[in-house]
Amino acid sequence: MLQLWRLSALGILLSLFSLILGDDTAQHVLSEKAKVSNDSLLWGPYRPNLYFGVRPRIPKSLLTGLIWAKVDSFQGVQNNFRHTCEQHEGMAGYGWDEYDVRYGGRQTIHDAGNSIDITTEFIKIPGGQHGGSWGVRVKGTPREDAPARLMSTVLFYAGMEGFGSLSVENERDDLGIVGPVTMEGSSNELGDFKLQVTEGPNSNLHPPPNHKSYENKPLDRTMVASLQVPEGAMWQAKSLIFSQMKEEIDAMIAEYGQENAPPPWATFTVGNDIKEGNMHVVQKVFEGSFEFDIIYSSASAEAPVTSDDLSGAIEKATTQFAHRFKKLLAPQAPFNKSKYQDFAKSMFSNLIGGIGYFYGDSVVDKSYAPEYEEENEGFWQETAEARMRQGGVRLEGPSELFTSIPSRPFFPRGFLWDEGFHLIPVADWDMDLTLEIVRSWFNLMDEDGWIGREQILGQEARSKVPQEFQVQYPHYANPPTLFLIFESLIDKLQTKWPTKGMDDPLESIRSAHLQNSDVAKDYLRDLYPLLKRHYFWFRKTQWGDIKSYDREAFSTKEGYRWRGRDTRHILTSGLDDYPRPQPPHPGELHTDLISWMGMMTRSMRRIAETIGETDDANEFTGYETAIVRNIDDLHWDNKAKTYCDATIDDYEESVRICHKGYISIFPFLTGLLPPDSPRLKAILDLISDPEELWSDYGLRSLSMSDEFYGTDENYWRSPIWMNMNYLAVKSLYDIAIQPGPHKSQATKIYTSLRKNLVENVFNEWERTGFAWEQYNPETGAGQRTQHFTGWTSLVVKIMAMPDLSWGGDGNGVEHGEL
């Protein structure tokens, strides 16, 4: 009930505005269409770790999922069953072609291993008091290389976790069900509902009777099996179904013998066993192409949803998506061609379609061991020993998180520093959705101001993470990228972001915070105590030592050092294996962290100004000034002409260690260098030098001239990363459109870098069917994690940025020029 109250809080707030102010916007929000849309974020697939699975944003509630396989052979058939997204599972690409979290969309799964393309058209239908209804149309189309008689089996399951009921309403029939399968359920949060799996059109074909087993289990009927699943185990649906299926297979072999066993499409089936249970499995077997609907109807809605309703809603959602995308995220020249349009829509849809809802406990080390202060030389050995003791490791929670994820097959969970990048394009599309996600993250904060950098909530999430990486440490930070979103919100308020003329009945829900600045200010005021707590936690836990080493700087306080370092990594920085001073030293100061702190402080200052916290704004202004001054004093190296980390040498002297790459341009990436900065020319030269960071595919993470280029793990030691390249493109654009001595050079670099990045990610998407975690600087090839549709989707934002190559705010630079 708490969750549903929170979802409708916006409607209550705007009701008050309507009564007090008589505001037209508030009145519009309270129109009939808007009222039934307040819960439009309750339902979504929200199980992005599955190829397709639906759940609401409610703990321990209804879970559904889809499983399918090619079943024309016994050999290796167990490997054909698809359920959870996996890397290198025989896919020729998969994901959302178009998707809007408010309406739904279309996903295509090119399952080359099973010789079939699966399409899921998921649609939300508003109405009633419990979040509305939804439906999905499932289609299978044999691929060109499919066998002449392709046999496929499809299983849909639905289960009710926690309190609530779910039962099959069809009468038990040992031969299977003719016609639709209907389930009825109820829970406090969802009320009463009906879930129906239709038979599909008459064009569906099923395997003909060619074995005696057909008399007992005709495959033109639908099989239904009911299971009683222990609490917390429902996410293991595939294994549970396999166990039930094995019982049926054993019974078949006992009856017919191995030499006369039924064909595989008849063998790999569940039993017809309708009974009481909290999970029910519906299985169909098809020959060739197929289609059927799964329809969830809320009893509080005006009428049950039909397949005709679903057809109309699918068409409407497609039209609505295309119109909105054209208005808000359409690629600009030279990418305003149809092939780039489809690419951009797919990339963005996969980003927003990767939003998930997670609930469960997490593993946290609350020992607060003194070694974790990392004050002594050799601290990394002490912290390793402290971690081995595991004296304070315990389960905390449960907690809930509404978040977008980096990769459905490999990283299906929340990552703190990824999230800020994910939400940059989402904020253009749906600010209120964005702010829901931001709030969800800040609700995870502990009493000290710490938010775990990796949110691994519950057993299902932990099943994807090696045990040594599951524990979270409350002294470890992560780049505070969520503050980029607060800056985006304030920018949009100040520039009056367009929210009218969208021809979208839900626009007043999507952009309530932009249409009425008082709503935005109330949001910021509500969150402000948490933001301050988080900010000062950073200052307290990630401080760097300036005084002990007689460092000359404008401020003796504004220096910062990542905790969580060892000889090979600073995982907390997000840049993992990027070269740092060796050996690690407690006197280190890190360029990227002070830059993040500068961005975070700027954001806090702007938030304080927006909500009228004048004293706080003045305090943050002081911190911001000191940080910007100290970046130059502590990290600029006149000899190397770049920014560098600092450490302490054998003579107890402060020295700078320079590894040119992303670290050395961080003040530029975080927007802390003004257009007339005396450091800017050297930064632009470094970026545009092919012997240093420049490549035909984007900016390298480490300079080609560095001794560690391409060495060891080579994770952040040469590859091209889209999040850092996006920050570079944005900073270049900001300089290119302002008067200054470097306007022309910034425009040239911006134009070429934008073109190189987009074309390479597009080419690799066309070649492989996937977006990738990173890209090879020598060949442009996508590498590491496949289907990485998190921050790689920033390519959509880059495509939507203005073309400065032919005048306008630029200087008439041709595309290929540097």
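Residues numbered from 1 in each chain as written. Predicted model: local features only at pLDDT ≥ 70, side-chain atom pairs only at ≥ 80, totals over all residues. Heavy atoms only, no water.

Spelled out, the test is: UniProt positions are given in the numbering used here, feature names are shortened, and annotations may be inferred rather than shown by experiment.
The name an unreviewed UniProt entry gives the chain is Mannosyl-oligosaccharide glucosidase, with Letharia columbiana as the organism. Looking at the Function (unreviewed entry) heading of the UniProt record, one finds this comment for the chain: "Cleaves the distal alpha 1,2-linked glucose residue from the Glc(3)Man(9)GlcNAc(2) oligosaccharide precursor." Within the UniProt record for the chain, the comment given under Sequence similarities (unreviewed entry) is "Belongs to the glycosyl hydrolase 63 family."

### Observations concerning the overall build of the chain
For clarity, the threshold we go by: A helix here means a DSSP run of H or I that spans at least four residues, while a strand means a run of E at least two residues long, and both kinds are numbered starting from the N terminus. Using C-alpha atoms as the atom set, the radius of gyration is obtained and then compared with a globule rule of 2.2 Å times the number of residues to the power 0.38. Burial status follows relative accessibility: with a 1.4 Å probe on protein chains alone, a residue under 20% of its type maximum counts as buried, one over 50% as exposed, and anything between as partly exposed. We get accessible surface area from the Shrake-Rupley algorithm with a probe of 1.4 Å; when it comes to residues, only the shown protein chains can shield them. Think of it this way: Lys and Arg go in the positive column, Asp and Glu in the negative one, and His and the chain ends go nowhere. Here the site of a charge means NZ on Lys, CZ on Arg, CG on Asp, or CD on Glu.
Counting its secondary structure elements, the chain contains 23 helices and 24 strands. For 818 residues, the compact-globule estimate of 2.2 N^0.38 gives 28 Å, and the C-alpha radius of gyration of the chain, at 28 Å, lies within 12% of that figure. Projecting the C-alpha coordinates of the chain onto the three principal axes gives extents of approximately 90 × 65 × 55 Å. Counting every position in the chain, which comprises 818 residues, the buried fraction comes to 62%. For the chain, the computed accessible surface area is about 30,900 Å², with 48% contributed by carbon and sulfur atoms. A distance of 3 Å separates the average location of the 80 positive side-chain charges in the chain from that of its 116 negative side-chain charges.

### Focus on the packing of helix 16 (residues 517–541) against helix 18 (residues 614–635)
Two quantities define a packed helix pair, namely the angle between the helix axes and the distance between the axes. In plain terms, the rule: For helices, the fitted line uses only the C-alpha atoms of the stretch in contact; every axis is such a line through C-alpha atoms, and the angle between N-to-C directions lies from 0 to 180 degrees. Roughly parallel covers angles under 35 degrees, roughly antiparallel covers those over 145, roughly perpendicular covers 65 to 115, and oblique covers all other angles. Rotating anticlockwise by less than a right angle from the far helix to the near helix defines a left-handed crossing, while the corresponding clockwise rotation defines a right-handed one. Here, two residues are considered to be in contact whenever any of their heavy atoms come within 4.5 Å of each other. When residues are grouped by polarity, Ala, Val, Leu, Ile, Met, Phe, Trp, Tyr, Cys and Pro land in nonpolar, Asp, Glu, Lys and Arg in charged, and all others, Gly among them, in polar.
Orientation of helix 16 relative to helix 18, taken along the N-to-C sense of each, is 25°, at an axis distance of 14 Å. The orientation of helix 16 relative to helix 18 falls into the category roughly parallel. Note on packing geometry: the crossing formed by helix 16 with helix 18 is left-handed. Between helix 16, through Tyr528, Lys532, Tyr535, Phe536 and Arg539, and helix 18, the contact on the second element is made entirely by Asp616, Glu619, Phe620 and Tyr623. Broken down by class, the residue content of the contact of helix 16 with helix 18 amounts to 5 nonpolar, no polar and 4 charged.

### Here we look at the sheet that holds strand 5 (residues 104–111)
Let me state the cut-off plainly: Think of it this way: DSSP has to see at least two bridges between two strands before they count as a pair.
Pairing is antiparallel in the open sheet, where 8 strands are placed in the order 4-5-6-7-14-11-10-9. The sheet terminates laterally at strand 4 (91–100) and strand 9 (165–168), the two strands that pair on one side only. Across the sheet, the axes of successive neighbouring strands diverge by a mean angle of 10°, strand direction being ignored. Here 8 bridges tie strand 5 to strand 6 (residues 116–125), and the two strands are oriented antiparallel to one another. Its bridge partner lying in strand 6, Ile109 is registered against Ile118.

### Digging into the UniProt feature "domain: Glycosyl hydrolase family 63 N-terminal" (unreviewed entry) in the chain
Those residues carrying the UniProt feature "domain: Glycosyl hydrolase family 63 N-terminal" (unreviewed entry) are residues 40–267 in this numbering. The distance separating the terminal C-alpha atoms of residues 40–267 is 42 Å; by composition the span is 11% helix and 37% strand.

### Notes on the nonpolar core
Our working rule: Nonpolar cores are built from buried Ala, Val, Leu, Ile, Met, Phe, Trp, Tyr and Cys residues. Side-chain atoms within 4.5 Å join them into one set.
Ile294, Phe421, Phe442, Phe486, Phe668 and Trp716 are the most contacted members of the largest nonpolar core, which has 185 residues in total. Not counting residues up to four positions away in its chain, the partners in contact with Phe421 are Thr481, Leu484, Trp596, Asn723, Met724, Leu727, Trp791 and Leu794.

### Brief notes about the pattern of salt bridges
Condition: Counted as salt bridges are all cases of a side-chain nitrogen of Lys or Arg within 4 Å of a carboxyl oxygen of Asp or Glu.
Applying the stated criterion across every chain yields a total of 55 salt bridges. Residue Asp361 pairs with Arg462 through a salt bridge whose shortest N-O separation is 2.8 Å. Here Arg462 lies in helix 12 (residues 458–462) and Asp361 lies in strand 15 (residues 355–365), a separation of 101 residues in the sequence. Classification of Arg462 by relative accessible area gives buried; the value is 9%. A salt bridge links Asp491 to Arg606; its shortest N-O distance comes to 2.7 Å. In this pair, Asp491 sits in helix 13 (residues 482–495) while Arg606 sits in helix 17 (residues 591–610), placing the two residues 115 residues apart along the sequence.

### A look at helix 16
The following threshold applies: Take the number of residues in a helix, subtract one, and multiply by 1.5 Å to get its expected span. For a residue, the bend is simply the angle between two axes, fitted respectively to the seven-residue segment ending there and the seven-residue segment starting there. Here a polar contact means two N or O atoms within 3.5 Å. Within protein one must be a hydrogen donor candidate and the other an acceptor candidate, and residues neighboring in sequence count only if both atoms are side-chain atoms.
An ideal rise of 1.5 Å per residue puts 36 Å on 25 residues; helix 16 measures up with 34 Å between its terminal C-alpha atoms. Most pronounced at Tyr528, the bend in helix 16 amounts to some 45°, and the proline Pro529 follows within four residues. Two or three places before Asp518, at the start of helix 16, stands the capping residue Asn516, its side-chain oxygen 3.0 Å from that residue's backbone nitrogen.

### Remarks on helix 8 (residues 338–353)
An ideal rise of 1.5 Å per residue puts 22 Å on 16 residues; helix 8 measures up with 22 Å between its terminal C-alpha atoms. All of the buried residues along helix 8 are Tyr340, Phe343, Ala344, Ser346, Met347, Phe348, Ser349, Asn350, Leu351, Ile352 and Gly353.

### A closer look at the pairing of strand 24 (residues 782–786)
Bridge count between strand 23 (residues 772–775) and strand 24: 3 bridges; the pairing is antiparallel. Bridging across to strand 24, Gln774 finds its partner in Gln783. Between strand 23 and strand 24, which follow one another and run antiparallel, lie 6 residues, and Gly780 among them has a positive phi close to 85°.

### Description of unusual backbone geometry
Of note, the amide linkage connecting Gly397 to Pro398 takes the cis form, showing an omega dihedral of 10°. Its location among the elements puts Pro398 in strand 16 (residues 393–404). Of the consecutive residues Gln582 and Pro583, the connecting peptide bond is found in the cis state with omega at -10°. Note on placement: Pro583 falls in the loop between helix 16 and helix 17.

### Some details on the sheet that holds strand 8 (residues 151–160)
The 4 strands lie next to each other as 3-8-13-12, forming an open sheet whose pairing is antiparallel. Each end of this open sheet is capped by a strand with a single partner; those strands are strand 3 (62–70) and strand 12 (223–227). Recorded for the sheet is a direction-independent mean angle of 15° between the axes of neighbouring strands. Bridge count for strand 12 against strand 13 (residues 279–287) is 5 bridges, and the pairing is antiparallel.

### Describing the environment of Val285
When you line up the elements, Val285 lands in strand 13. Counting along the chain gives 184 residues from Val285 to Phe469, while the straight-line C-alpha distance between them is 41 Å. Non-local contacts of Val285, meaning those with residues more than four positions away in its chain, are made with Ser152, Thr153, Leu205, His206, Pro207, Leu219, Met223, Trp265 and Thr269.

### Brief notes about the packing of helix 21 (residues 722–736) against helix 22 (residues 743–768)
The geometry of helix 21 relative to helix 22 is characterised by a closest axis approach of 8 Å and an angle of 150° between their N-to-C directions. When the axes of helix 21 and helix 22 are compared, the pair comes out roughly antiparallel. Note on packing geometry: the crossing formed by helix 21 with helix 22 is left-handed. Across the interface between the two elements, Met722, Asn725, Ala728, Val729, Leu732, Tyr733, Ile735 and Ala736 from helix 21 touch Lys743, Ala746, Thr747, Ile749, Tyr750, Leu753, Leu757 and Val761 from helix 22. A class-by-class count of the residues in the contact of helix 21 with helix 22 yields 13 nonpolar, 2 polar and 1 charged.

### Observations concerning the side chain of Glu487
By secondary structure assignment, the location of Glu487 is in helix 13. When its relative accessible area of 8% is taken as the criterion, Glu487 is described as buried. Not counting residues up to four positions away in its chain, the partners in contact with Glu487 are Met599, Arg602, Ser603 and Arg606.

### Observations regarding the environment of Arg439
With respect to the helices and strands, Arg439 occurs in helix 11 (residues 431–442). Spatially, the C-alpha atoms of Arg439 and Phe402 are 8.9 Å apart, while their sequence positions differ by 37 residues. Ignoring sequence-local partners within four residues, the contact set of Arg439 consists of Tyr523, Asp526 and Leu527.

### Focus on the packing of aromatic side chains
So the rule is basically this: Whether two aromatic rings pair depends on their centres lying within 6.5 Å, for rings of Phe, Tyr and Trp, where Trp uses its six-membered ring; planes under 30 degrees apart make the pair stacked, over 60 edge-to-face, and the rest tilted. The criterion for a charge sitting over a ring is simple: Lys NZ or Arg CZ within 6 Å of the ring centre, and within 35 degrees of the ring normal.
In the structure shown here, the tally under the stated rule is 54 aromatic pairs. Geometrically, the ring pair formed by Trp43 and Trp134 is tilted, given 5.8 Å between the ring centres and 55° between the ring planes. Of this pair, Trp43 sits in strand 1 (residues 43–44) while Trp134 sits in strand 7 (residues 133–142), placing them 91 residues apart in sequence. A relative accessible area of 0% means that Trp134 is categorised as buried. Site record: aromatic cluster; members linked through ring pairs are Phe410, Phe411, Phe415, Trp417, Phe421, Tyr662, Tyr715, Trp716, Trp721, Phe788 and Trp791. If you follow Arg324 out to its NZ or CZ, it ends over the ring of Trp429, 5.4 Å from the centre. The aromatic ring of Tyr623 is capped on one face by Arg539, whose charged end is 3.9 Å from the ring centroid.

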